[in-house]
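Survey of secondary and tertiary structure
The chain contents come next:
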Amino acid sequence: MVSAGLEIMGLSMCAIGSLLVMVACGLPMWKVTAFIEANIVVAQTIWDGLWMTCVVQSTGQMQCKVHDSVLSLSHDLQAARALTIISSVMGVLGLMVVIAGAQCTNCIRTEYVKARVVNAGGVIYIISGLFVLVPLCWMANSIISDFYNPQVPASKKREIGAALYIGWAATALLLIGGALLCCSCPSSGNSGYAAKYAPTKRATPNGDYDKRNYV
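Residues numbered from 1 in each chain as written. Predicted model: local features only at pLDDT ≥ 70, side-chain atom pairs only at ≥ 80, totals over all residues. Heavy atoms only, no water.

1. Describing the state of the cysteines
Enumeration over the complete set of coordinates arrives at 1 disulfide. The disulfide that involves Cys 54 links it to Cys 64, with 2.1 Å between the sulfurs. Here Cys 54 and Cys 64 share a disulfide; its torsion about the S-S bond, 105°, makes the bridge right-handed. Placement of Cys 54 in strand β3 (residues 52-57) and of Cys 64 in strand β4 (residues 62-66) is noted, with a sequence separation of 10 residues between them. Note on Cys 64: relative accessible area 41%, which makes it partly exposed. Looking at Cys 14, it has no disulfide partner, and the nearest cysteine sulfur is the one in Cys 182, 8.9 Å off. (Disulfide = S-S within 2.5 Å. Helix = DSSP H or I, 4+ residues; strand = E, 2+ residues; numbered from the N terminus. Buried < 20%, exposed > 50% of the residue type's maximum accessible area, 1.4 Å probe, protein only.)

See the structure below:
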């Protein structure tokens, strides 16, 4: 029962983490305009994402433009695109692997093999979390470095957007959930020793038991 509970909890956390990775991948709020000047009332706010750049007017109107070329993007954006997509694909793959080896399914009959399949799914989720953690930290480091760089004009400076915080939450869920799946191996019922049973005692024709049964 304990292993089944860990399995369900780990799978739930990993599934939510994978969904958050997909949400963070699609959101344009990886970099947002930094309000560092004296006048905080600005006419527009700029959002930079992996796939598009959006400009939000003070009136509430928003206009977005998809990035025309991948090669024109910075290296951190290119790496973030690739790694978040790989992490999302691995999340779906890990979900299928864990469901195939879950105790509530009959895809695999052998309990030992099912436990190892679930452990493999946990490893996949941990790798998925690491894949999405790399671009998040890289992007955050780039934003902070540009923010404190005096050579970067104020109009070009950005702050950490909501997508990065969502991605960090997804990473935590994937790593913790993957660790729970790796620890959800049930205790084996086999102690390594085969049980030996004595042969059935048979009676002799005269109704007495054979004395050899007591030797």
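Let us keep going from here.
2. Examining the UniProt feature "transmembrane region" (unreviewed entry) in the chain
Mapped onto this structure's residue numbering, the UniProt feature "transmembrane region" (unreviewed entry) falls at residues 6-27, 82-102, 122-141 and 162-181. Structurally, residues 6-27 is divided into 95% helix and 0% strand, and its ends, taken at the C-alpha atoms, are 31 Å apart. Taken end to end, residues 122-141 comprises 100% helix and 0% strand; its first and last C-alpha atoms sit 29 Å apart. (UniProt positions renumbered as here; feature names shortened; annotations may be inferred.)

3. A short note on the packing of aromatic side chains
For the structure shown, the criterion picks out 2 aromatic pairs. Plain terms: the ring middles of Phe 147 and Tyr 148 are 5.2 Å apart, the flat faces sit at 80° to each other, and that makes the pair edge-to-face. What makes Phe 147 partly exposed here is its relative accessible area of 23%. Here Tyr 148 falls in the exposed class, since its relative accessible area comes to 65%. Here the aromatic rings of Tyr 165 and Trp 168 are separated by 5.7 Å at their centres, their planes lie at 75°, and the arrangement is edge-to-face. Here Trp 168 and Tyr 165 lie together in helix α4 (residues 162-182), a separation of 3 residues that amounts to about one turn. Taking the ring centre of Phe 147 as reference, the NZ or CZ of Lys 157 above it sits at 5.9 Å. (Phe/Tyr/Trp six-rings, centres within 6.5 Å; stacked < 30°, edge-to-face > 60°. Lys NZ or Arg CZ within 6 Å of the ring centre and 35° of its normal.)

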